[in-house]
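Analysis of the macromolecular model
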Amino acid sequence: MTQCRSASSIEQEQMTLDLGIRKLIRANFDAGQISSDGGLLLLRKADQQLELTELAQFCFGDSRRQDLLRHPVLNLLRQRIYGIAAGYEDCNDAAKLRFDSMHKLALGISPNSPAPLASQPTLSRWENSVDEAGLAALQKLLVRSFIKQRKRRPKVLKLSVDTTCDVAHGYQQLSFYNGFYQTYCFTPLFIFTEDGFPLAALLRAGNAGKYDGTLRMLKPVVEELRRTWPNVRIEFTADAAFAAPEIYNYCEQSRIKYFIAIAGNSSIKSKSKHFIQSVETLYNEFPQEEESLTWRQMEERRRFASKDKGRMQEKFESEQVYIRKYTEFQYQAKEWPHPRRIICKAEHSRKGADVRYVVTNADRNRPAKIYEKYCQRAQCENWIKDLKNYLHCDRTSCQEFKANQLRLLLHTFAYILLWKLRRDAGLKFSTVETVRLRLIKIGVLVTESVRRISLKFSSNHPWQEEVRRAWNTG
């Protein structure tokens, strides 16, 4: 039986507030279909251009009865990836979002349709149904998506690899104690291009070695790239955790130029000892300038310490006198088949000596140029921070390891869509969170008639130009 409510009961549900402006403020949830994720169709448009979910659906098997199917694999995939990109990283969020008009519209479902999207149990069962073959196909799809969005053959491809800590809060399969991070965790491994596109995202056990799985992940990536661009020049950068003979040998056999940091052992330090001492001697020849700079910093600190507007002395505190020089030499470890080129950077300042080593098979360019190529790998850490801090790729709370690997890939796919929006909207140096707030988290009123569905955004939205640019690109 339909329950009727009196006008007085509706009046009691309203939220009211008197601010003394001679008008009573009333608030209620009766405006119709309004969503805070008005930019979700930008994700759908980027997805269609990359054909990301269209191809990813074939990586999953489906043993459900097709005649009773309510939520196809493609819809489950899109619902999960779009939700992660919009800031809903937990699968539990589906319980609230399954009725949202924009989330339904992004999947091609009418906002007025009475059928909701998939629930959290349905999504969880789907995540746990993935197998090893499907995960391998999804990994390969990352490389194919990168190739598809390239409009021309690149002259050089610069790849960076790095790992991170994914803390485990429970007894997930293959989550072990890691002595370096001093916690129970997973240690996922990523490969990025120089412009931040992820080519691989491999979830590893918590007790995995520093470079375990690197070649298993790198080989199919290189093979897929070379299949499309046979003669493309590939450069590979990594920190000292990946300084392993197996990686050196593979790169040399595959015509890959590598720039990998290496720890200074006694033999390497012996070869660079006189060079480091010469840099220290040069630095000691400028004691007066160092004292003058210290005096300037103290004076500026006193001068601006009481100012309300900013701290101008920071400009002078960032200055320092230092000597930085580069050299190179040949070195062969016992397990190496031949000598390799070692680049040494020695820097001396009032903080002391800072010595770094890089091993490479590049036979051209000066040592300083070689070291700059290695330093480009630092940007990879910022992209991993985007994945962890803003897309929360560390929400690997499933019991099964394969399901957690799928979750890592789903978050990586969501990152790819936001990466494309960032590039199309001209927000090159923005974080993923900035892209989300400016392009996705837009209030919208959704109205549906017989012939059309209308989306009405705020006339004062400050990022209209970026939204239009992202929509019209591609």
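Before any of the text, the structure's been laid out above.
We now turn to the structure provided with this report.

What follows covers empty space enclosed by the protein. Evaluated as defined, the whole model comprises two cavities of 30 Å³ or more. The space that makes up the largest cavity amounts to roughly 120 Å³. Residue contributions to the lining of the largest cavity peak at three residues, all from helix 4 (residues 73-85). Grouping the constituent residues of the lining of the largest cavity by class yields six nonpolar, three polar and four charged. As for the second largest cavity, its lining consists of F146, R150, L157, K158, T193, E194 and D195. Its residues assigned to classes, the lining of the second largest cavity comprises two nonpolar, one polar and four charged.

Of all the residues in helix 10 (residues 245-253), the buried ones are I247, Y248, Y250 and C251. Turning to helix 10, the residues buried within the fold contact helix 9 (214-228), strand 10 (233-238), strand 11 (256-261), strand 13 (340-349) and strand 14 (352-360). Count one or two residues on from helix 10 and you reach R255, which has phi positive near 60°.

We now examine the sheet that holds strand 16 (residues 453-457). Spatially, the three strands line up as an open sheet ordered 3-15-16, and their pairing is antiparallel. Each of the sheet's edge strands pairs with one partner strand only, and the pair in question is strand 3 (34-35) and strand 16. Both strand 15 (residues 444-448) and strand 16 contribute to a ladder of five bridges, which runs antiparallel. Paired with E448 across the bridge in strand 16 is I453.

All right, on to the pattern of salt bridges then. Using the criterion set out here, one finds 28 salt bridges in the structure. Between R395 and D90 there is a salt bridge, and its shortest N-O distance comes to 2.8 Å. One end of the pair, R395, is in the loop between helix 15 (379-390) and helix 16 (401-424); the other, D90, is in the loop between helix 4 and helix 5 (94-97), and 305 residues separate them in sequence. The salt bridge partner of D354 is R356, with a shortest N-O separation of 3.1 Å. Several salt bridges share partner residues, and in doing so they unite R324, K345, E347, D354 and R356 into one network.

Time to look at the state of the cysteines. Here is the idea: a disulfide is a covalent bond, and it sits between the sulfur atoms of two cysteines. Overall, the coordinates contain zero disulfides when judged by the stated rule. Left unpaired, C165 is separated from the closest cysteine sulfur, that of C185, by 3.9 Å.

Quick look at the side chain of N178 now. For N178, the location among the structural elements is in strand 6 (residues 176-178). Of the polar contacts made by the side chain of N178, one reaches the backbone nitrogen of F180; its length is 2.9 Å. At 2.8 Å, the side chain of N178 forms a polar contact with the backbone oxygen of G206.

Turning to the packing of aromatic side chains, a few remarks are in order. For the structure on display, the rule yields 15 aromatic pairs. Aromatic pair Y248 and W336: ring centres 5.6 Å apart, planes at 90°, arrangement edge-to-face. Of this pair, Y248 sits in helix 10 while W336 sits in the loop between strand 12 (323-331) and strand 13; the two residues are 88 residues apart in sequence, bridging distant segments of the chain. Just as Y248 is buried, W336 falls in that class too. One cation-aromatic arrangement involves K45 over W471; the distance from NZ or CZ to the ring centre is 5.5 Å. In this arrangement the basic side chain of R438 is found over the ring face of W463, its NZ or CZ atom lying 3.7 Å from the centre.

As a further point, take the environment of K420. For K420, the location among the structural elements is in helix 16. For K420, a relative accessible area of 5% puts it in the buried group. Sequence separation between K420 and T473 is 53 residues; the distance between their C-alpha atoms is 10.0 Å. Not counting chain neighbours up to four residues away, the residues in contact with K420 comprise A46, Q49 and L50.

With that out of the way, let us pick up the sheet that holds strand 10. Strand order in the open sheet made by the eight strands is 9-8-4-10-11-14-13-12, with mixed pairing throughout. Looking at the sheet topology across the chains shown, the edges are occupied by strand 9 (198-202) and strand 12. Looking at each pair of strands side by side, their axes are set apart by 20° on average, direction ignored. Note that strand 8 (residues 189-193) and strand 9 share four bridges and pair antiparallel. The residue bridging F192 from the neighbouring strand is P198, located in strand 9. Where helix 10 meets the sheet, its contacts fall on strand 10, strand 11, strand 13 and strand 14, and the angle it forms with strand 11 comes to roughly 155°. Helix-sheet contacts for helix 11 (residues 266-284) involve strand 12, strand 13 and strand 14, and the interaxial angle to strand 12 is about 160°.

Reading guide: rules and limits
Residues numbered from 1 in each chain as written. Predicted model: local features only at pLDDT ≥ 70, side-chain atom pairs only at ≥ 80, totals over all residues. Heavy atoms only, no water. 1 Å grid on protein atoms, 1.4 Å probe; cavity = no way out; pocket = protein on both sides within 12 Å on 5 of 7 lines; lining within 4 Å. Points joined across faces, edges and corners; volume = space filled by probe spheres on them. Helix = DSSP H or I, 4+ residues; strand = E, 2+ residues; numbered from the N terminus. Nonpolar A, V, L, I, M, F, W, Y, C, P; charged D, E, K, R; others polar. Buried < 20%, exposed > 50% of the residue type's maximum accessible area, 1.4 Å probe, protein only. Contact = heavy atoms within 4.5 Å. Pairing = 2+ DSSP bridges. Salt bridge = Lys/Arg side-chain N within 4 Å of Asp/Glu carboxyl O. Disulfide = S-S within 2.5 Å. Polar contact = N/O pair within 3.5 Å; in protein donor to acceptor, adjacent residues only side chain to side chain. Phe/Tyr/Trp six-rings, centres within 6.5 Å; stacked < 30°, edge-to-face > 60°. Lys NZ or Arg CZ within 6 Å of the ring centre and 35° of its normal. Axes fitted to C-alpha atoms, helices over the stretch in contact; angles between N-to-C directions.

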